[in-house]
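Each chain, written out:
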Amino acid sequence: MRFVTRWRPVPVLLGLATVAATATAVLPAAASASTHASPVVGHVYVNDNTAGANSIGAFDRHADGTLTPEAGSPFAAGGAGTGAGLASQGALQISPDGRFLIAADAGSNQISVLRIRGNGSLKLVTGGVVPSGGVLPVSIAIHGDLVYVANSGNGGSNYTGFRLRPNGRLQPIAGSAVALPDGSQPGDVLFSGDGTKLAGTRVGTSQIDSFTVSPGGLLTAGAGAPFPAQGLGPFGSEFRPTNPDQLFVSNAHNTGAGSGTVSAFSDSTGGTLSPIGSSPFADQQTAPCWVEISHNGRFLFTVNTGSGSISSYSIASGGALTLLGSTPVRASGGVGAVDARLSPDGHTLYVDESKAGAVGAFAVSGGNLTELSSSPTSLPAGATPAGIVVT
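This one's a predicted model, so the numbers in the text were calculated from it and none came from an experiment.

What counts, and at which threshold
Residues numbered from 1 in each chain as written. Predicted model: local features only at pLDDT ≥ 70, side-chain atom pairs only at ≥ 80, totals over all residues. Heavy atoms only, no water. Helix = DSSP H or I, 4+ residues; strand = E, 2+ residues; numbered from the N terminus. Buried < 20%, exposed > 50% of the residue type's maximum accessible area, 1.4 Å probe, protein only. Areas by Shrake-Rupley, 256 points an atom, 1.4 Å probe, with all protein chains shown as cover. Lys, Arg positive; Asp, Glu negative; His and termini not counted. Charge placed at Lys NZ, Arg CZ, Asp CG, Glu CD. 1 Å grid on protein atoms, 1.4 Å probe; cavity = no way out; pocket = protein on both sides within 12 Å on 5 of 7 lines; lining within 4 Å. Points joined across faces, edges and corners; volume = space filled by probe spheres on them. Nonpolar A, V, L, I, M, F, W, Y, C, P; charged D, E, K, R; others polar. Pairing = 2+ DSSP bridges. Axes fitted to C-alpha atoms, helices over the stretch in contact; angles between N-to-C directions. Core = buried A, V, L, I, M, F, W, Y, C linked by side-chain atoms within 4.5 Å. Contact = heavy atoms within 4.5 Å. Salt bridge = Lys/Arg side-chain N within 4 Å of Asp/Glu carboxyl O.

A. How the structure looks around the overall build of the chain. Across its full length, the chain carries 0 helices and 33 strands. The principal-axis extents of the C-alpha atoms in the chain amount to approximately 55 × 45 × 35 Å. Counting across all 391 residues of the chain, residues that qualify as buried make up 60%. On the chain, roughly 12500 Å² of surface is accessible, and the fraction owed to carbon and sulfur atoms is 56%. Computed over 18 positive and 21 negative side-chain charges, the separation of the two mean positions in the chain equals 6 Å.

What follows is the structure, given as structure tokens:
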């Protein structure tokens, strides 16, 4: 089974990019694979970011794309959430070997590691809750055993590195922290597929960080970094799975309805970013925030938090984007939809629906999306989803 991990390896509330959650009741815990006609083929996990004690919502993922709650869900994360949406992508990640879940506990400035059991349930690793190395951790990147965290809060904003040990504990890397000015508000940190580069978006100052990664895990800024974004509020980002030299970034805070764009960059060996073709590319929607790319690298999806839709693009071999159209998200008019991840087979796109307190599910056919009739599936009461992963 292929585990979906952001090889980009994934709080200041920012207008349209973050929408307060209105939670709904959780589905009965009795729902399970044993009473579901479609077999369980994987799991979906959501960082609930619940106020006070944070929790992770867990669902059985069925072959038909539907979800049912995992017995015992939600599971204690060990740290604290903020109880409000995070202006970030990638607040939850899975280790490449599929053994561990790594969650940002933004309310307590910590990172938690939970072991994924064979049946999909979660157990906090002994000693698995550690300081994030800064203030307000909002995004996590992982490649191999190397983990980087983006801390977004003033007075402690940075990128900080860790090693994930075989027992699931995180060990800080001495000298790894890269300090950021107050107000930068990093929204995403991510590795290229080959792990040689790391990028980060500065939502607050509309800049993009680009680094090369040494064998020891330390970062070196590319010449000219940080680079100016091609729009206001660069937010979600993704390296192309089939080409680690191509980076795509959504511009979420452009003023005016329907003015969102997505940028495409070439990332050189030394970490220098340069625009591809006629980048940025029009989205024709409001607040494109979260970005996901198909595993074959042919299609890009961006969740438009302000207009309640998901846009689809085709990606040319050179990285240029062509807008194919947008698909509405049904729940609450779609406004407040946030982070999104594809299933390992690429047939289903799962979307955090922050305002609805739920997870949406969309069948994927090339660049076409169709929301499942069973969508959305409710999260536990009090959840303000801030990150999703799929196995």
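B. Geometry of the layout of surface pockets. The computed volume of the second largest pocket comes to approximately 160 Å³. Taken together, Ser294, His295, Asn296, Arg298, Phe299, Phe301, Leu342, Asp345, Gly346, Val364, Ser365 and Gly366 make up the full set of residues lining the second largest pocket. Of all the elements in the fold, those that place two or more residues in the lining of the second largest pocket are strand E25 (299-304) and strand E30 (358-365). Each residue belonging to the lining of the second largest pocket can be placed in one class, and the counts come to 4 nonpolar, 6 polar and 2 charged.

C. Representation of the sheet that holds strand E5 (residues 92-94). Ordered by their spatial adjacency, 4 strands build an open sheet running E5-E6-E7-E8, and the pairing between neighbours is antiparallel. Looking along the sheet, the strands with just one partner apiece sit at the ends: E5 and strand E8 (122-131). Between one strand and the next, the sheet's axes are offset by a mean angle of 20°, whatever the strand orientation. Relative to strand E6 (residues 100-105), E5 runs antiparallel, the two being bridged by 3 bridges. Paired with Leu92 across the strands is Ala103, a residue of E6.

D. A look at the pairing of strand E16 (residues 207-213). When you tally the buried positions in E16, you get 6 out of 7 residues, the bulk of the element. Here strand E15 (residues 197-202) runs beside E16; their pairing, made up of 6 bridges, is antiparallel. Of the residues in E16, the one forming a bridge with Leu198 is Phe211. Between E15 and E16, which pair antiparallel in sequence order, lie 4 residues; one of them, Ser206, sits at a positive phi of approximately 55°. As defined by bridge partners, E16 adjoins strand E18 (residues 227-228) across 2 bridges and the pair is classed as antiparallel. Paired with Gln207 across the strands is Pro228, a residue of E18. Relative to strand E17 (residues 219-221), E16 runs antiparallel, the two being bridged by 3 bridges. Paired with Val213 across the two strands is Leu219, which belongs to E17. Hairpin connection, E16 to E17: the antiparallel pair is bridged by 5 residues, and Gly217 has positive phi, about 95°.

E. View of the environment of Gly193. Along the polypeptide, Gly193 turns up in the loop between strand E14 (186-191) and E15. Along the primary structure Gly193 and Pro244 are separated by 51 residues, whereas in three dimensions their C-alpha atoms are 5.4 Å apart.

F. Region of interest: the sheet that holds strand E24 (residues 288-293). Spatial ordering of the open sheet is given by E24-E25-E26-E27, a layout of 4 strands whose pairing is antiparallel. For this open sheet the edge positions go to E24 and strand E27 (321-328), each flanked by a neighbour on one side alone. Within this sheet the neighbouring strands show an average axis-to-axis angle of 25°, counted without direction. Pairing geometry for E24 and E25, over 5 bridges, is antiparallel. Within E25, the position partnered with Trp290 by the bridge is Val303.

G. Layout of the nonpolar core. Residues Ile310, Leu349 and Val351 are the most contacted members of the largest nonpolar core, which totals 21 residues. Setting aside chain neighbours within four positions, we find Ile310 in contact with Phe301, Thr302, Val303, Asn304, Gly325, Ser326, Thr327, Val329, Leu349, Val351, Phe362 and Leu369. With 20 residues, the next largest nonpolar core counts Ala91, Ile102, Ile142 and Val147 among its residues.

H. Broad picture of the side chain of Glu353. With respect to the element layout, Glu353 can be found in strand E29 (residues 348-353). Buried and unpaired, Glu353 has Arg330 as its nearest opposite-charge partner, separated by 7.9 Å. Apart from the residues within four sequence positions on either side, Glu353 is in contact with Val329, Ala331, Gly336, Ala337, Ala358, Val359, Gly360, Glu371, Ser375, Pro376 and Pro385.

I. View of the pattern of salt bridges. Overall, the coordinates contain 5 salt bridges when judged by the stated rule. Notably, a salt bridge pairs Lys197 with Asp245, separated by 2.6 Å at the nearest N-O pair. Of this pair, Lys197 sits in strand E15 while Asp245 sits in strand E20 (residues 243-251), placing them 48 residues apart in sequence. You can call Asp245 partly exposed: its relative accessible area is 35%. For Arg202, the salt bridge is made with Asp209, and the minimal N-O distance between the two is 2.9 Å. Here Arg202 and Asp209 have matching classes, each one buried.

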